[in-house]
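Each chain, letter by letter, is given below.
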Amino acid sequence: MFGALDKTFIWAVKYPFDKKSIELLSSLEISLEEILSDESFLEEARKKLKYILKEGKLIPTVSQNPYRDFVIFYIQVLLVRALGHTYIERRFIEVYSKFSSSFLSREDEGNVEELAKNLGLSAELLNIDGNLYFGVPFYEFFKLSKKLSDKYWKLYYFPLHKGYVLLNRKNFVRLLQEAIKVRLFEILLSVENVPEEISEVAQKLLKEVEEFIPKTRRRQEGDFITRDVENYPPCIKYLLANIGKGLGHSARFTLVAFLNTMGYSKDEIIQMFNVTPDFNERMTRYQVEHILGLRGGKTRYSVPSCRKIVSYGFCKADDICKKYTILHPLKYVYVKKRYRE
Ligand code: SF4
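Just so you know, these numbers come straight off a predicted model, no measurement behind them.

A word on the site of the ligand. The environment of the ligand is made up of P233, P234, C235, C306, I309, C315, K316, A317, C321, I326 and P329. For the shell around the ligand, the secondary-structure elements that each account for two or more residues are α12 (234–242) and α16 (306–312). A per-class count over the shell around the ligand returns 10 nonpolar, no polar and 1 charged.

Following this line, the structure appears as structure tokens:
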């Protein structure tokens, strides 16, 4: 039998993206370094991720250790982030969103409603003429159903009630699966740096799974990279425009990580900072090398998510950011390039 703590971990294994699970993760009295000191964690995460990428599903094993499974999910998140590959991210998100929704369809109504609320949906459980429905506000229905290609997902196929679209449990869970994908994507984007040992394993894994990555997808990676500033998001353009006035720590960190992702070399980036009156090449080199993972802990920092940039105070969202619900500056580049083509 499972104890109360195990039950909390079982919930976290089924719904690792949920608010309660993330709180549980933060409350663990063990650091990532301590977890990684047991190599079997990273090895199991690598094997599971490889299986996901190859088979498009999770290894069908029944674990007796929900704590371990939960932690391994988050090690896989770090591996996926270190791989930095759109196809791999999508595959990972697709598999885990399906996995979670398979449990959701068996949860009681209260749990489904709670999870929906934690995902940010203002859905209500409604009893109408003795029938239970999940009522979803129109705008949330439109937002989440727009990627569902089945023609059945049209508003006129569903009953309406006081601004709510009424869904049965099966359809509501399908819609929630879309909300889960968004949350998983946010979790991936929230990772700002990955420990070196995870990056090393990720690079080995990339060689092992390369053959499973469709060629068309592989080519799409280049779509994120450009030196055409017109394709850069407004936050980055703002930083570039203000580089001569001197940038604070978060701003420099964001700009360096972004420019490096766009293919600028270390020396090119250092020279870009050579417009400030107090430019100090030695100090700039030290900072840039640190951000690019060439010094110190050798952690290479990724471009921060929009959420982070908003908190830093230099998000300058334009119509594209709003229209395409941009959650990450690199996604903006991708969208803008396609938009201009
Ligand atoms: S929404 Fe994101 S990409 Fe757009 S300006 Fe803000 S931080 Fe930059």
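Attention now moves to the nonpolar core. I75, F92 and F172 are the most contacted members of the largest nonpolar core, which totals 67 residues. Sort the elements by how many residues they give to this core and helix α5 (residues 66–83) lands first, with 11 residues. Each of two domains, domain 1 (4–103 + 193–203) and domain 2 (107–175), supplies a minimum of three residues to this core. When near neighbours in sequence (up to four residues on either side) are disregarded, F92 contacts L49, I52, F73, Q76, V77, V80 and L188. I236, L247, A251 and F314 belong to the second-largest nonpolar core, a separate cluster that totals 26 residues.

Spatial strand order, β1-β2-β4-β3: 4 strands in an open sheet with antiparallel pairing. In this open sheet, the two edge strands, each paired with only one partner strand, are β1 (124–128) and β3 (160–161). Two elements, β1 and strand β2 (residues 131–137), share 5 bridges in a ladder whose sense is antiparallel. Within β2, the position partnered with E124 by the bridge is G135.

One widely used convention gives an interface's size as the accessible area the parts lose upon coming together. The assigned domain composition of the protein chain is domain 1 (4–103 + 193–203), domain 2 (107–175) and domain 3 (225–340). The centre of domain 1, based on its C-alpha atoms, is set 29 Å off from the matching centre of domain 3.

Calculation rules
- Residues numbered from 1 in each chain as written.
- Predicted model: local features only at pLDDT ≥ 70, side-chain atom pairs only at ≥ 80, totals over all residues.
- Heavy atoms only, no water.
- Near = heavy atom within 4 Å.
- Helix = DSSP H or I, 4+ residues; strand = E, 2+ residues; numbered from the N terminus.
- Nonpolar A, V, L, I, M, F, W, Y, C, P; charged D, E, K, R; others polar.
- Core = buried A, V, L, I, M, F, W, Y, C linked by side-chain atoms within 4.5 Å.
- Buried < 20%, exposed > 50% of the residue type's maximum accessible area, 1.4 Å probe, protein only.
- Domains from an automatic or database assignment.
- Contact = heavy atoms within 4.5 Å.
- Pairing = 2+ DSSP bridges.

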